[in-house]
Amino acid sequence: MKKYLLLGLSLILSASIWAQERTVTGTVTDAETGEAVPGANVVVKGTTNGTITDFDGKYQISVGENTTLVYTFVGYAPKEVAVGNRSVVDVGLSLDVEELAEVVVVGYGSQQKKEITSSVVALDEEQFNKGNVNDPTQLLQGKVPGLSVYNKGGDPNGSSTIRLRGISTVGANTEPLVVIDGVIGASLQNVDPNDIESINVLKDGSAAAIYGSRGSSGVILVTTKRGKRGAGINANYNGYVAAATIARELPALSASEYLEAGGNNLGSETNWLDEVTRTGITQVHNISVSGGAENTTFRLSTNIRDVNGILEKSGFDQINARAGITHFALNDRLKIDFNMSLTNRESNFSFNEALRYASLYNPTAPIYFDNGSFFQAILFDNFNPVAMIEQNQNVGKRKNLNFNMQGEYNITDALSVTANYAQQYTNNLNGQFYPSTSFFRGQRNGRAQRFTDDSRFTLFESFATYASSFGDIDLTVSGGYSYQENFYESLLLELENFPTDQLGFYGIDLSYDRVLGVASNVNIDSRATPEEKIIAFFGRVNLNYDDGIFFNASVRREGSTKLGADNQWGVFPAVGLGVDINKYVGLSAFSVLKLRAGYGVTGSLPSESGQSQDSYTYDFTSGGTVFFARAANPDLKWEEKAETNLGLDFAMMQGRLNGSVDVYTRNISDFILLRNVDPGVFGASQRYENVGSLKTNGAELSLNYDAFQNPDFTWTTGIVASTYRSTLEEYINDQQSLANLGSPGQNSTPMVRVAVGEEIGQIWGPVFDGVDENGSPTFKDLNGDGTINADPGSALAEDGDFEQLGSGLPKLELGWSNQLTYKRFDFNVFFRAAFGHSLVNTFRAFYEPIDPGAINSYNRIVTDKAVDGLTGAQYSSLYVEKADFFRLDNATIGYNLNTGNSQAFKSARLYFSVQNAFTITGYSGLDPDPVLLDVGPTDNGGYVDPANRSVLAPGIDRRNNYFTARTFTLGINVGF
């Protein structure tokens, strides 16, 4: 009886529920135009019951009693409607005013996005690259059209090479200016990626001109996270563990293959690469606490990073602490911001060269002799890689401290005044030690090096802003003053001949060289900058007419003590115009259609202080003679870049498809270069002068599309693409050879040609034609004179048989982002690609030909590009390879846990990611990423010479690169 009663009650309940449900239909339109809104979400409030509108904006949904429907769509304000007894509910959505009025940070202020007339890209935390990111610049890799970020090999202690719209300078600073929370020139090394809220990139001259003599390479504006008013106390923990493994090895011969090829048998079998590499485990922990009362907000964070690279003893331990406090007073007319950040990093740099020697060392050699000492054959440029790492030290410490206080006071509703004071301190202390038993940079009873430097700058800026409306005109005027003072000093000590190895570099005071005064083995260098100040006055006008025509103009007058005494001041103007075409034309297919045009002049200062002044050297070997080494140049001025940018912003399909197109021309002139001059006129044989010019034309595209939007599944995809060409208009020489290949045997072999009137990036050399009877390479007679002249010293001669073998600069760079959600899951998939560039595979150029004599000294590289019978190593087209690639840079899957009933957690997310998942390329080397800066050759334990670095010689894949890693990351984000 009870069973039947329960059955009856369930039937009655089901019937009651069925009776309460009914179907509601309707149409969703644009409230202003009346046009249908396809793809809008319609959801029963408080449930996951929902649907989307069709192409005509129509929908159908089952609802119960007392139902409220929620209507949402990108670009429109959400709307809630109580259904009541209606069966038809038509809704008009209004444009989201807050979204349309999106504020973008620009130099010395902010603008509504719709009013911007220059090329500016704004990214927030949601759009950053995911996974194991230790360098803030890697958050932007592939995300900004025109911005190239490459960290070839991924050395954890290395830094990325950054270029914005190609080469911006030849002789001065090539990296964009960084501004953090309004502090010009602040260090990105003192910002943990976890603490960054947004990054805005000012790409063109009209946007960057407000920063004057430091804006030629572009400007990156970083805004850190802050507490929010009325938010109460919130705590967050972000942590992950990552494991890095070698993604690609050099295809060297195994021990058996080496012996079969004629190699010298030393009786063992050693996988040298396994001996010096490891699975690099990284741990990162970020804890932050933020809060906000009515008048005060704060955010405190601590970031701990324990990073280990794939090379033994490479990595760092770092702790970073950041504090941000904001206080509002005087009825919100006064706002005071205080920011402070401290970073302490202890690094083990290891020796990147160990990866090179591990790939090339005799695979039959033992690690140790029978007596336990490290095995070492006395050969040129050939060292036991295990001994290199285990015997020697290469460590460093870095401390960064910066703080700033900014006050903003609204004198009236229209007039405000802002003042900002900041200081930054950086200290490095590095040490290297090579014991008496070390063959690598040792062999002299020990060798020690200590290096320390200190830098600091002080910044004070103040500006006023007036904003008001006059009928159809909205006017904003700003003007201000900037003062910055910098100081740098360093000390290098390098000595040899120690009585004991036990003290390492701490025993540097025991050096026999110091005691006996043997100057030949002593290197002491002490430096300090001359007075270095920058003073500027700047102003800007922004005008909005009829909410459809936008105009801005700025000018900065700036002086720097780095420049010549007679030419220290410069003027940097900019102007921009934007028109909301759709407001006046009314094209139904577009919701946004804005044309932009801008022109701006920026500058670039010398990379070092004192280049405009006299310089003297002291020669100890000539009885203490002082030499006049470099003459002053009182007319030395800043490098200048004049840039014109034309852009189009658009949005279609009710904002689901949006993007921008930019084309630009930039002319860079007056490079700051060291030139040979007539000592009879200037008293010295060299001085820095302004000479040369470069022209770049480029185009950029950005597209974003909301492909799917429904309650359970969303997919947003975006693509950025850029291309540019740079031509050398004037230079010191009409043509010049750069990028020496190096030793052994090819240390007078240039690989890059620079010529006036031609494109930058020409990889230059003879064309391989075959193998002669002696196993030597033969080359083509390119000029048809019947004589083949492929001698490296004839590369620029009229009768030389050389031609362009490739370009070191990519013709197209591409980034493709995909963000997907499915219920509680989220997916982030990012691809990156570059096409049209080539690389000189220097490993192949030295070690691929199987020379019967050389194979006894070095292992060989074997690729499918090797030529049978070739025994002579000589640079040619054979070793220049196309390096196009398409890479899955990052794939992340996350799951958001249900914390609705939790008393402890507000949110929790688990995620797993893989970086550098796969690469599709025909390049046989380690990494097909473009090489934008050549560091020059190193061999036989030598150091990279900073004087050999050249932005005019891209495309050389050197042998001292760190090996590329594939990284797997498991992490958790928790909100309390």
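Remember, predicted model here, so these are calculated numbers, not experimental data. (Residues numbered from 1 in each chain as written. Predicted model: local features only at pLDDT ≥ 70, side-chain atom pairs only at ≥ 80, totals over all residues. Heavy atoms only, no water.)

Here we look at the side chain of Q391
Okay, so step 1: Along the chain, the position of Q391 falls in helix α7 (residues 385-391).
Okay, so step 2: In this structure Q391 touches F374, P435, T437 and S438, once residues within four positions along its chain are discounted. (Helix = DSSP H or I, 4+ residues; strand = E, 2+ residues; numbered from the N terminus. Contact = heavy atoms within 4.5 Å.)

Description of helix α6 (residues 353-360)
Okay, so step 1: Within α6, 8 of the 8 residues are buried, which leaves it mostly tucked inside the rest of the structure.
Okay, so step 2: Within α6, burial applies to E353, A354, L355, R356, Y357, A358, S359 and L360.
Okay, so step 3: Of the surrounding secondary structure, the elements contacted by the buried residues of α6 are α5 (272-276), α7 and α11 (842-847). (Buried < 20%, exposed > 50% of the residue type's maximum accessible area, 1.4 Å probe, protein only.)

Brief notes about the sheet that holds strand β1 (residues 22-30)
Okay, so step 1: Ordered in space as β4-β1-β7, the 3 strands form an open sheet in which the pairing is mixed. Strand pairing shows two members of the sheet lacking a second neighbour, β4 (58-63) and β7 (91-93), which therefore form its edges. Each adjacent strand pair in this sheet contributes to an overall mean axis angle of 35°, direction not counted.
Okay, so step 2: As paired strands, β1 and β4 are joined by 6 bridges and run antiparallel to one another. Bridge pairing in β4 links T23 to S62. (Pairing = 2+ DSSP bridges. Axes fitted to C-alpha atoms, helices over the stretch in contact; angles between N-to-C directions.)

Some remarks on the nonpolar core
Okay, so step 1: Ranked by internal contacts, the top residues of the largest apolar core, which has 72 residues, are Y875 and F963.
Okay, so step 2: Examining the composition of this core, we find that 5 residues originate from one element, α6, more than from any other.
Okay, so step 3: Residues in contact with F963, not counting those within four places in the same chain, are G153, I246, R248, L250, L273, I310, L355, S359 and L926.
Okay, so step 4: Counting 25 residues, the second-largest nonpolar core is a separate cluster that includes V178, V191, I199 and A422. (Core = buried A, V, L, I, M, F, W, Y, C linked by side-chain atoms within 4.5 Å.)

Here we look at the environment of V951
Okay, so step 1: Tracing the chain through its elements places V951 in the loop between β50 (907-921) and β51 (956-957).
Okay, so step 2: Along the backbone, V951 and I760 are 191 residues apart, and their C-alpha atoms lie at a distance of 9.3 Å.
Okay, so step 3: Here V951 is in contact with R163, I167, T169, V170, T174, L932 and L933, once residues within four sequence places are set aside.

A look at unusual backbone geometry
Okay, so step 1: Look at the link from S743 to P744: it is a cis peptide, with omega at 10°.
Okay, so step 2: Tracing the sequence through the fold places P744 in the loop between β39 (735-742) and β40 (746-755).
Okay, so step 3: The phi dihedral of R165 falls on the positive side, at around 60°, and the residue is not glycine.
Okay, so step 4: Secondary-structure assignment places R165 in the loop between β12 (161-164) and β13 (177-180).
Okay, so step 5: Here R165 falls in the buried class, since its relative accessible area comes to 0%.
Okay, so step 6: One non-glycine residue, K823, lies in positive phi territory at about 55°.
Okay, so step 7: In this structure, K823 sits in the loop between β45 (812-822) and β46 (825-835).
Okay, so step 8: Residue classification places K823 among the exposed residues on the basis of a relative accessible area of 55%.

Limitation: the analysis is restricted to geometry and does not speak to function.
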